[in-house]
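# Descriptive analysis of the structure
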Amino acid sequence: MNRDAKIYVAGHRGLVGSAILRKLREQGCRNIISRTHRELDLTSQDAVKDFFEKERPEYVFLAAAKVGGILGNATYPADFIYQNLAIQTHVIHAAWQYRVKRLLFLGSSCIYPRDCPQPMKEEYLMTGPLEPTNAPYAVAKIAGIEMCWAYNRQYGTRFIPVMPTNLYGIHDNFNLETSHVLPALIRKFHLATLAGRGDWEAIQKDEACYGPVPPDIRAALGMSDTSGHIPRVVLWGSGSPRREFLHADDLADACVSVMSHKDVAHEVASGPFLLNIGCGTDLTIREIAETVAHITGFDGTVIWDADKPDGTPQKLLDVSRLNALGWQPRTPLAQGVQEVYDWYVCQY
Ligand SMILES: NC(=O)C1=CN([C@@H]2O[C@H](COP(=O)(O)OP(=O)(O)OC[C@H]3O[C@@H](n4cnc5c(N)ncnc54)[C@H](OP(=O)(O)O)[C@@H]3O)[C@@H](O)[C@H]2O)C=CC1
Ligand SMILES: C[C@H]1O[C@H](OP(=O)(O)OP(=O)(O)OC[C@H]2O[C@@H](n3cnc4c(=O)[nH]c(N)nc43)[C@H](O)[C@@H]2O)[C@@H](O)[C@@H](O)C1=O
């Protein structure tokens, strides 16, 4: 992509979209267009067509989606399948209609079978049943992959599906009911440290910034009973599942690199292309919780709520295809989480 190429970043205010925007600007791209959800609802086909008709972007990073963690997916399955099918269908179709040179479609590691051999290779797609807690979302993503492949084959487009692992970073979703695990750990342990020193004013500022704390978590923190309550952190499931975590800035670097990579363009033109993007290592939820507790300074009690789902036991990506393209992540997990925490506490 040359610096004057017209680039559309869909979802530019989200965890991934904002990271891609920062990376493009860092590389000197000076013709980037974006629209907020309020300005352009991508579930409206007419609105998407009008936008492409008017703006005619050359490159598209499709990072807009209905996204959430295990409980969000299990609670709103219809929203996850409808909104993601609608967004991707309209944007991919318009990208073909208006001759976009390349589109990068963001899928997810949850497209692979629940009991997939680990690490998960791209060819393991659709070789077994999905994890039930996020099957609607995963089916939508799989449809997006197939749509990229179908348009590439029928129309000669260059639409590139990439599958990131679990991500974290600044501008993440910290809503404790819909977020992924890492932002939830950061917020829960931070709130517990504030409650431990009775800093209720700071907790009010946190809620003003990141939204209300759910009642069960308020009770565990002692926010409704300040009489000598020892704050506890309540986490979900057994803590035994394993997860791989990649910093969103590293993902953005990989996405921008893949978008311009000549070998990728050739492979995309030659047949069904799929690319895992991850760091190649994983750890248990219990281990990542210990890391976040240390970073936030929490040394109290952690309760594991067995009534909440564990989800997929493990979903470590095989990233040998990505590494063969010459890409490696840069951000060690503990350093990345520390940076996100330092950003988090500066927001209020
Ligand atoms: N976070 C993760 O761990 C992972 C994410 N991914 C994928 O990366 C992509 C980005 O995810 P992430 O950045 O985490 O998600 P976020 O929720 O942080 O960002 C999604 C963005 O899409 C926008 N959006 C949602 N619906 C619409 C709509 N109808 N019209 C216009 N804009 C809309 C949101 O705007 P608003 O908030 O205003 O609604 C938001 O800016 C997704 O495709 C996701 O599946 C893949 C693997 C892991
Ligand atoms: C990227 C991928 O990520 C999602 O799948 P997931 O990785 O299972 O989602 P998660 O990050 O919410 O949970 C990871 C693990 O962590 C445990 N866990 C403990 N305590 C909290 C907690 O407080 N919050 C959350 N969310 N999880 C917790 C939780 O029980 C689970 O065992 C897909 O929905 C889908 O969005 C997708 O694409």
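Residues numbered from 1 in each chain as written. Chains lettered and ligands numbered in written order. Predicted model: local features only at pLDDT ≥ 70, side-chain atom pairs only at ≥ 80, totals over all residues. Heavy atoms only, no water.

### Comments concerning the packing of aromatic side chains
Each aromatic ring pair is characterised by the separation of its centres together with the angle its planes make. Condition: Aromatic rings from Phe, Tyr and Trp, taking only the six-membered ring of Trp, are treated as a pair when their centres fall within 6.5 Å; an angle between ring planes under 30 degrees marks them as stacked, one over 60 as edge-to-face, and anything in between as tilted. Runs of H or I in DSSP of at least four residues are treated as helices and runs of E of at least two as strands, each being numbered from the N terminus. Burial here depends on accessible area, computed with a 1.4 Å probe over protein chains only, as a share of the maximum for the residue type. Under 20% is buried, over 50% is exposed, and the range in between is partly exposed.
In total, this model carries 15 aromatic pairs according to the counting rule given. Measuring from centroid to centroid gives 5.9 Å for F80 and Y137, while their planes differ by 80°, and the two rings are edge-to-face. Taken together, the positions of F80 in helix α4 (residues 77-97) and Y137 in helix α5 (residues 135-155) put the pair 57 residues apart, joining distant regions of the chain. In this pair, the class of F80 matches that of Y137, namely buried.

### Description of the nonpolar core
Rules: For the purposes of this section, nonpolar cores are sets of buried Ala, Val, Leu, Ile, Met, Phe, Trp, Tyr and Cys residues that join through side-chain atoms within 4.5 Å. Pairs of residues are marked as contacts when any of their non-hydrogen atoms sit within 4.5 Å.
Core analysis: the biggest nonpolar cluster contains 71 residues, and F52 and F61 have the highest contact counts within it. The element best represented in this core is helix α9 (residues 248-260), accounting for 8 residues. Here F61 is in contact with M1, I7, Y8, V9, A10, I20, L24, L104, C255, V256 and M259, once residues within four sequence places are set aside. Core analysis: the second largest hydrophobic core is formed by 35 residues, L182, M223, V233 and V292 among them.

### Looking at the site of ligand 2
The cut-off we apply is this: One heavy atom within 4 Å of a molecule or strand is enough for the residue carrying it to be called near that molecule or strand. Think of a polar contact as two N or O atoms within 3.5 Å of one another; within protein, one of them needs to be a possible hydrogen donor and the other a possible acceptor, and neighboring residues in sequence only count if both atoms come from side chains. Accessible surface area values rest on a Shrake-Rupley calculation with a 1.4 Å probe, where residue burial reflects the displayed protein chains alone.
In the vicinity of ligand 2 lie 22 residues, with G68, S108, K188, P309 and D310 positioned nearest. Contact distances for ligand 2 include 2.8 Å between an oxygen atom and a backbone N or O atom of I70. Taking H180, its side chain carries an N or O atom lying 2.9 Å from an oxygen atom of ligand 2. When ligand 2 is considered free in solution it has 700 Å² of accessible area, and contact with the protein chains removes 98% of it. Among the elements that make up the shell around ligand 2, the one with the highest residue count is helix α6 (residues 181-196) (3 residues).

### Comments concerning the pairing of strand β5 (residues 159-164)
Two faces make up the sheet, and in a regular strand the side chains alternate between them. In plain terms, the rule: When DSSP finds two or more bridges between two strands, those strands count as paired. When the strands point away from the viewer and the connection leading from the first strand across the helix to the second strand turns clockwise, the crossover is called right-handed.
Here β5 lies mainly inside the structure; 6 of its 6 residues are buried. Burial along β5 is two-sided: F159, P161 and M163 and I160, V162 and P164, pointing in opposite directions, are all buried. In the sheet, strand β4 (residues 102-106) pairs with β5 via 4 bridges, with the strands oriented parallel. Directly across from F105, in β5, lies its bridge partner P161. Once the chain exits β4 it traverses α5 before rejoining the sheet at β5, and the crossover so formed is right-handed. Taken together, the 3 bridges between β5 and strand β10 (residues 275-277) define a ladder with parallel strand orientation. Of the residues in β10, the one forming a bridge with M163 is N276.

### Observations concerning the UniProt feature "binding site: substrate" (unreviewed entry) in the protein chain
To keep it simple, the criterion reads: UniProt positions are given in the numbering used here, feature names are shortened, and annotations may be inferred rather than shown by experiment.
As annotated in UniProt, the feature "binding site: substrate" (unreviewed entry) corresponds to K188, W236, R243 and D310 in the numbering used here. Its location among the elements puts W236 in strand β7 (residues 232-236). Overall, the relative accessible area of 21% leaves W236 in the partly exposed class. Not counting residues up to four positions away in its chain, the partners in contact with W236 are I70, L71, L176, E177, K188, W304, D305 and K308. Mapped onto the elements, R243 comes out in strand β8 (residues 242-243). Residues in contact with R243, not counting those within four places in the same chain, are N166, D282, L283, I285, D310, G311, T312, P313, Q314 and K315.

### What to know about the side chain of N276
Among the structural elements, N276 can be located in strand β10. For N276, a relative accessible area of 0% corresponds to the buried category. Within the structure, the side chain of N276 is placed 2.6 Å from the side chain of Y112, a separation counted as a polar contact. Polar contacts involving the side chain of N276 include one to the main-chain carbonyl oxygen of D318, which spans 3.1 Å. When residues no more than four places from it in sequence are discounted, the contact partners of N276 are Y112, M120, K121, E122, M163, L317, D318, V319 and L322.

### As for the UniProt feature "site: Important for catalytic activity" (unreviewed entry) in the protein chain
On the UniProt side, "site: Important for catalytic activity" (unreviewed entry) is annotated at positions that read S108 and C110 here. Here S108 shows up in the loop between β4 and α5. The contact partners of S108, leaving out residues within four places of it in the chain, are Y137, M163 and P164. With respect to the helices and strands, the residue C110 is situated in the loop between β4 and α5. Taking relative accessible area as the criterion, C110 reaches 6% and is therefore assigned buried. Apart from the residues within four sequence positions on either side, C110 is in contact with L130, N134, Y137, A138 and K315.

### Focus on the site of ligand 1
Definition in use: Three classes are used: nonpolar for Ala, Val, Leu, Ile, Met, Phe, Trp, Tyr, Cys and Pro, charged for Asp, Glu, Lys and Arg, and polar for all others, with Gly counted as polar.
Ligand 1 sits among 25 residues. The nearest are L15, V16, H37, Y137 and K141. In this structure, an oxygen atom belonging to ligand 1 sits 3.4 Å away from a main-chain N or O atom of G14. Contact distances for ligand 1 include 2.4 Å between an oxygen atom and a side-chain N or O atom of Y137. Here ligand 1 has 900 Å² of accessible area as a free molecule, and 84% of this is covered by the chains. Going through the elements one at a time, α1 (15-26), α5 and β6 (166-168) are the ones with two or more residues in the shell around ligand 1. Split into classes, the residues belonging to the shell around ligand 1 amount to 13 nonpolar, 9 polar and 3 charged.

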